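Structural characterization, general
Chain by chain, the residues:
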Amino acid sequence: MTAYDVIVLAGGAAKRLGGADKPGLRVGGRALLDRVLSVCADAAVTVVVGGRRATARPVVWTREVPEGGGPLAALGAGLRLTTAERVLVLSADLPFLGRGTVDALLTAAGEPGREGALCTDPDGRDQPLVAAYRAEPLRRELALIATEHGSLAGLPLRLLTAELDLARIDAGPDASFDCDTWDDIAAARARIREHGAVLDEWITSVKNELGIDLDVDTALLLDLARDAAHGVARPAAPLTTFLVGYAAARASAGAGPDEAAAAVAEAARKATDLALRWEAETEASGGEAAGAGGSGSGTADGTAGGAGRDAGREGTGTP
């Protein structure tokens, strides 16, 4: 995809949150700002307009003039630090914005004759801070607005979007869900803990916390954990998956994400095969022991059942 820059608006007074640091509020263990930054990690330049804070990846910081001058002033400040033909513009309070929506916006903004694209919410309202714009018409309209009104401070975004030829993207309720109130924050935190989402949210949070850029085959690892727990012992599940990760890291040292993912898959396959062999052997041994107990005879080699099993453990270290 053609390179793009991104501007994330992370200022504002957050009055409905009692003046809390909204971009730093955590949903699913990650700051709202970091959640937004994670879906545009391939941007050539990432500009965050707002107060400096720790972020999961490097960004360029700036502030609107005057501070608190509103979204148009913030957009103008951020735009001065970008050079790409297309600019993704996002607010910092979108916990469920996905990569699919970002791609759809950038693609629509690149269509001939269009000057950008923005999302619409389920009620049909435009969301100009979930949008992608062509840089040249965006600069032009901001300059015209500033000339007409004397500055961009305090002006509504509709003055901008009304003058641009924009495609509308219906990305569903998640993409446009923003956190303006404490009820919104509570709803977002509850949503990520729903059964259908909690695992993906947790894996994503762990990868971000550990700085891992790797597509994890969750189903593969869960199958491995199940087989290890069922065929060996419950504590074998977390220990086995840890060892798989360690082995994959050693096998793919210095390689890229694709090679690392393949190493995880291969290590998991080997461990799964071992767990299944272990289970089959255990079941077979159980059947033999049951047969020996029922007939009063010894093991297949003629030794007493208990003595044979003890000897096997002492001599070979196997179960």
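Whatever comes next refers back to the structure up there.
Let us look at the structure shown here. Everything numeric here is computed off the predicted structure, so don't read it as measured data.

1. What about the overall build of the protein?
Regarding its fold elements, the protein presents twelve helices and nine strands. Counting only contacts in the protein whose residues sit at least 6 apart along the sequence, the fraction spanning at least 24 positions is 64%.

2. Overview of the pattern of salt bridges
Considering all chains together, one arrives at 19 salt bridges under this definition. Here K22 makes a salt bridge to D93, at a shortest N to O gap of 3.0 Å. In this pair, K22 is assigned in the loop between β1 (5-9) and β2 (26-27) and D93 in the loop between β6 (86-91) and α3 (99-109), connecting sequence segments 71 residues apart. Here K22 matches D93 in class, with each residue buried. Between E85 and R134 there is a salt bridge; the shortest N-O distance is 2.6 Å. Here E85 is found in the loop between α2 (71-79) and β6, whereas its partner R134 is found in strand β8 (residues 126-134), with 49 residues between them in sequence. In this structure R134 comes out as buried when scored by relative accessible area, which is 18%. Taken together, the shared-partner salt bridges connect K22, D93 and D180 into one network.

3. Some details on the sheet that holds β6
Read from one edge to the other, the open sheet built from seven strands follows the order β5-β4-β1-β6-β8-β7-β9, with strand pairing classed as mixed. The outermost strands of the open sheet, each flanked by one partner alone, are β5 (60-62) and β9 (166-170). Adjacent strand axes in the sheet meet at a mean angle of 25 degrees when their direction is disregarded. Of the pairings in the sheet, the one linking strand β7 (residues 116-120) to β8 comprises five bridges and is antiparallel in character. Looking at the pairing, L118 lines up with A131 of β8.

4. So, the environment of S38
Here S38 is to be found in helix α1 (residues 32-38). On the basis of relative accessible area, S38 is assigned to the partly exposed category, the value being 32%. Along the sequence, S38 and N208 sit 170 residues apart, while their C-alpha atoms lie 8.4 Å from each other. S38 has contacts with R30 and N208, leaving out every residue within four places of it along the chain.

5. What about the packing of aromatic side chains?
Across all of its chains, the model carries one aromatic pair by this definition. Taken together, a centroid distance of 5.6 Å and an interplanar angle of 55 degrees make the contact between F96 and F177 tilted. Here F96, found in the loop between β6 and α3, pairs with F177, found in the loop between α6 (172-175) and α7 (182-191); they are 81 residues apart in sequence, far enough to count as distant. For F177, a relative accessible area of 15% translates into the label buried. A cation over a ring is seen here: R191 above F177, with NZ or CZ 4.7 Å from the ring centre.

6. So, the packing of helix α9 (residues 218-231) against helix α10 (residues 236-251)
Contact pair α9 / α10: the axes reach a minimum separation of 8 Å and the direction vectors enclose 135 degrees. As judged from the angle between their axes, α9 and α10 are oblique. Between α9 and α10 the crossing geometry is right-handed. Seen from α9, the contacting residues are L221, L224, A225, A228 and A229; seen from α10, they are A236, A237, T240, T241 and V244. Of the residues belonging to the contact of α9 with α10, the class tally is eight nonpolar, two polar and no charged.

7. Details of a nonpolar patch on the surface
On the surface, a nonpolar cluster with roughly 380 Å² of combined accessible area is contributed by V198, L199, W202 and L222. Top element by residues in the nonpolar patch is helix α8 (residues 198-210). It accounts for three residues. Locating L199 in the fold gives a position in helix α8. On the accessibility criterion, L199 (36% relative accessible area) is partly exposed.

8. Structural notes on a negative patch on the surface
A surface patch of like charges, here negative, comprises D213, D215, D258 and E259. Mapped onto the secondary structure, D213 falls in the loop between α8 and α9.

The rules we used
- Residue numbers here run from 1 along each chain, matching the order of that chain's written sequence.
- Only residues with pLDDT of at least 70 get local features here, since the model is predicted, and only at 80 or more are side-chain atom pairs given and counted; chain-wide, interface and lining totals rely on the full set of residues.
- Think of the side-chain values as coming from all heavy atoms in the structure, minus any hydrogens and water.
- What counts as a helix is a DSSP run of H or I of at least four residues, what counts as a strand is a run of E of at least two, and both are numbered from the N terminus.
- We call two residues in contact whenever any of their non-hydrogen atoms come within 4.5 Å of each other.
- Any carboxyl oxygen of Asp or Glu that lies within 4 Å of a side-chain nitrogen of Lys or Arg is treated as forming a salt bridge with it.
- Think of it in three bands: residues with accessible area under 20% of the maximum for their type are buried, residues over 50% are exposed, and the middle band is partly exposed, with areas taken using a 1.4 Å probe on protein chains only.
- Should DSSP find at least two bridges between two strands, the strands are regarded as paired.
- Axes here refer to lines fitted to C-alpha atoms; in helices the fit is confined to the stretch in contact. Angles between the N-to-C directions go from 0 to 180 degrees.
- Stacked, tilted and edge-to-face pairs are distinguished by plane angle, under 30 degrees for stacked and over 60 for edge-to-face with tilted covering the rest, among Phe, Tyr and Trp rings (Trp via its six-membered ring) whose centres lie within 6.5 Å.
- Put simply, a charge is over a ring when the Lys NZ or the Arg CZ is close to the ring centre, within 6 Å, and near the line of the ring normal, within 35 degrees.
- Should an angle fall under 35 degrees it is taken as roughly parallel, and over 145 as roughly antiparallel, whereas 65 to 115 is taken as roughly perpendicular and any remaining angle as oblique.
- We call a crossing left-handed when the near helix sits turned anticlockwise from the far one by less than a right angle, and right-handed when that turn is clockwise.
- Each residue gets one of three labels, nonpolar for Ala, Val, Leu, Ile, Met, Phe, Trp, Tyr, Cys and Pro, charged for Asp, Glu, Lys and Arg, and polar for the others, Gly among them.
- By definition, no residue in a patch forms a salt bridge, and every one has over 30% relative accessible area; like charges are joined within 9 Å, nonpolar side chains (Val, Leu, Ile, Met, Phe, Trp, Tyr) within 5 Å.
- Method for areas: the Shrake-Rupley scheme with a 1.4 Å probe, in which residue coverage is limited to the protein chains shown.
- Residues scored as charged are limited to Lys and Arg (positive) and Asp and Glu (negative), so that His and the chain ends carry no count.
- Here the site of a charge means atom NZ of a Lys, CZ of an Arg, CG of an Asp or CD of a Glu.

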